[in-house]
Amino acid sequence: MANSKTRRKKAGLYDPISKGLGITVLDYNGDGWPDLLIANDTQPNKLYLNNRNGTFTENAIPAGMAFSEDGVARAGMGVDAADYDRSGKPSVIISNFSNQMMSLYHNEGNGLFVDEAPRSSIGRASLLTLGFACFFFDYDLDGWPDIFVANGHLDSDIERIQKRIQLSPAAALIHNLRNGKFEQVTASAGATFATPRVARGAAYADIDNDGDLDLLITTNAGPALLFRNDGGNRNHALRVKLRVQVRTATALARWYELNMTVKSSGRCCAAVPVISHKANWCSPLVWTKNISSVRPDHMAEREN
Ligand SMILES: [Ca+2]
Ligand SMILES: [Ca+2]
Ligand SMILES: [Ca+2]
């Protein structure tokens, strides 16, 4: 234990005050080195910049992620990061308490994040719910990360104390509309999925190997529920894994572009660019017909 404490102090990660409810790894400054974001339930969120030498610098306040827009430390529970708007930079979601809204921290690319939730449907969809597990996942395989949030309150008397708050709200499935906006689509995801429950944890995986992502939700003092995604693979997505032989650490920070020709029934139907700043990266691609062949044409490094 003492060794662990010493190592965390040496790395700049020792934080005995914060609660540490959720953590995600992201490269928020795009230098190829993984950084850390921790949600801390009533304490400020912490954003640790990787100094590339085994140490980290905590940057949440200058990055605009420590507090809400009105300067309050919220009840950060779950946290995840993804490039939801294809800007090339990871943005962040953090689930919070009821009456606090979820955070949607958009990565502005200059070390700053702006919480877009109050100006988006995500704020309205999450205002009255207490969220726990949350993550980006592309449930409809259109190539744009959507959002899932497991909701459920802590206080069994909450509905008597606050008339608008539910102890057992439905989980939130939020569709990415591709223009920086989102839409809550829980009601259209099936009656069982939209059933109220006190949810806590969640995970996704393609459990039936049909290409689309399925969902596991755990509930407080209740059963775990496994939802098979039916119809999420209608977009005929092909997942491409980009592998680049990296010889130097700086090469990890570069962008890679792979052009591919996709043929359907022998005819060319798409020339697909795959762009990533990660050397080993998977991405879903989308088209409308059955695929007869995929040919990589050209791959190059490019300037960010
Ligand atoms: Ca970094
Ligand atoms: Ca999607
Ligand atoms: Ca599946």
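Basis of the calculations
Residues numbered from 1 in each chain as written. Chains lettered and ligands numbered in written order. Predicted model: local features only at pLDDT ≥ 70, side-chain atom pairs only at ≥ 80, totals over all residues. Helix = DSSP H or I, 4+ residues; strand = E, 2+ residues; numbered from the N terminus. Buried ≥ 20, exposed ≤ 12 C-beta atoms within 10 Å, placed from the backbone. Contact = placed C-beta atoms within 7 Å. Pairing = 2+ DSSP bridges. Axes fitted to C-alpha atoms, helices over the stretch in contact; angles between N-to-C directions. Core = buried A, V, L, I, M, F, W, Y, C linked by C-beta atoms within 7 Å.

Participant: Any chance you could explain the overall build of the protein chain here in plain terms?
Facilitator: Along the protein chain, the regular secondary structure elements total 4 helices and 20 strands. Scored against the burial criterion, the 304 residues of the protein chain give a buried share of 33%. Residue pairs at least 24 apart in sequence account for 49% of intrachain contacts in the protein chain once pairs closer than 6 positions are excluded.

Participant: Looking at this structure, I do not really get the sheet that holds strand β2 (residues 35–40). What am I missing?
Facilitator: By definition, the strands of a sheet pair up through backbone hydrogen bonds, in either a parallel or an antiparallel sense. If you walk across this open sheet you meet the 4 strands as β1-β2-β3-β4, and the pairing is antiparallel. Each having just a single partner strand, β1 (22–26) and β4 (56–58) make up the two edges of the open sheet. For this sheet, the mean angle separating the axes of adjacent strands, direction not counted, is 20°. Here β2 runs beside strand β3 (residues 43–50); their pairing, made up of 4 bridges, is antiparallel. Paired with Leu 36 across the two strands is Tyr 48, which belongs to β3.

Participant: Just checking my understanding: could you explain the sheet that holds strand β15 (residues 225–227) for this structure?
Facilitator: Sheet architecture is open: 3 strands sit in the order β13-β14-β15, paired in antiparallel fashion. The sheet terminates laterally at β13 (199–205) and β15, the two strands that pair on one side only. Each adjacent strand pair in this sheet contributes to an overall mean axis angle of 20°, direction not counted. Two strands pair when backbone bridges link them, and β13 and strand β14 (residues 214–219) are joined in this way by 5 bridges, in the antiparallel orientation.

Participant: Mind showing me how you'd approach the nonpolar core here?
Facilitator: In globular proteins that are soluble, nonpolar side chains generally tend to be buried together. Phe 148 and Ala 171 are the most contacted members of the largest nonpolar core, which totals 54 residues. The element best represented in this core is strand β9 (residues 131–137), accounting for 6 residues. Those residues within four positions of Ala 171 in sequence are excluded, and the remaining contacts are Phe 148, Val 149, Ala 150, Asn 151, Thr 186, Ala 199 and Ile 217.

Participant: Where do I start with the environment of Ser 91 in this structure?
Facilitator: Looking at the secondary structure, you find Ser 91 in strand β6 (residues 91–94). Of the residues examined, Ser 91 has 24 C-beta atoms within 10 Å and is grouped as buried. Separated by 24 residues in sequence, Ser 91 and Asp 115 place their C-alpha atoms 9.8 Å apart. For Ser 91, the residues in contact, after removing those within four places along its chain, are Ala 81, Ala 82, Asp 83, Tyr 84, Tyr 105, His 106 and Asn 107.

Participant: What's the story with the pairing of strand β7 (residues 103–107) in this structure? I'm lost.
Facilitator: Residues in a regular strand point their side chains to alternate faces of the sheet. Of all 5 residues making up β7, 5 are buried, and the element is well covered by its neighbours. Here β7 shows two buried faces, one formed by Ser 103, Tyr 105 and Asn 107 and the other by Leu 104 and His 106. In terms of strand pairing, β6 meets β7 through 3 bridges, oriented antiparallel. If you follow Ile 94 over to β7, its bridge partner there is Ser 103. The antiparallel hairpin formed by β7 and strand β8 (residues 113–115) contains 5 residues in its connecting segment, where Gly 109 sits at a positive phi of about 90°.

Participant: Can you walk me through the environment of Gly 211 in this structure?
Facilitator: Tracing the sequence through the fold places Gly 211 in the loop between β13 and β14. For Gly 211, a count of 17 C-beta atoms within 10 Å corresponds to the partly exposed category. Measuring from C-alpha to C-alpha, the distance between Gly 211 and Leu 141 comes to 8.5 Å, with 70 residues separating the pair along the chain.

Participant: Teacher, can you tell me more about unusual backbone geometry here?
Facilitator: Most peptide bonds adopt trans geometry, and most residues besides glycine take a negative phi value. A positive phi is found at Arg 52, a non-glycine position, where the angle reads about 70°. Mapped onto the elements, Arg 52 comes out in the loop between β3 and β4. Using a count of 11 C-beta atoms within 10 Å as the deciding quantity, one classes Arg 52 as exposed. If you check the backbone angles, Arg 178 has positive phi at about 75° while not being a glycine. Looking at the secondary structure, you find Arg 178 in the loop between β11 (172–176) and β12 (182–184). According to the C-beta neighbour criterion, Arg 178 is partly exposed, with 13 such atoms within 10 Å.

Participant: Got a minute to help me understand the pairing of β3 in this structure?
Facilitator: The element β3 is largely enclosed, with a buried count of 7 among its 8 residues. Here β2 folds back onto β3, and the loop between the two strands holds 2 residues, one of which, Asp 41, carries a positive phi near 40°. Here 3 bridges tie β3 to β4, and the two strands are oriented antiparallel to one another. The residue bridging Tyr 48 from the neighbouring strand is Glu 58, located in β4. With antiparallel pairing between neighbouring strands as the criterion, β3 and β4 make up a hairpin whose turn holds 5 residues, including Arg 52 at a positive phi of roughly 70°.

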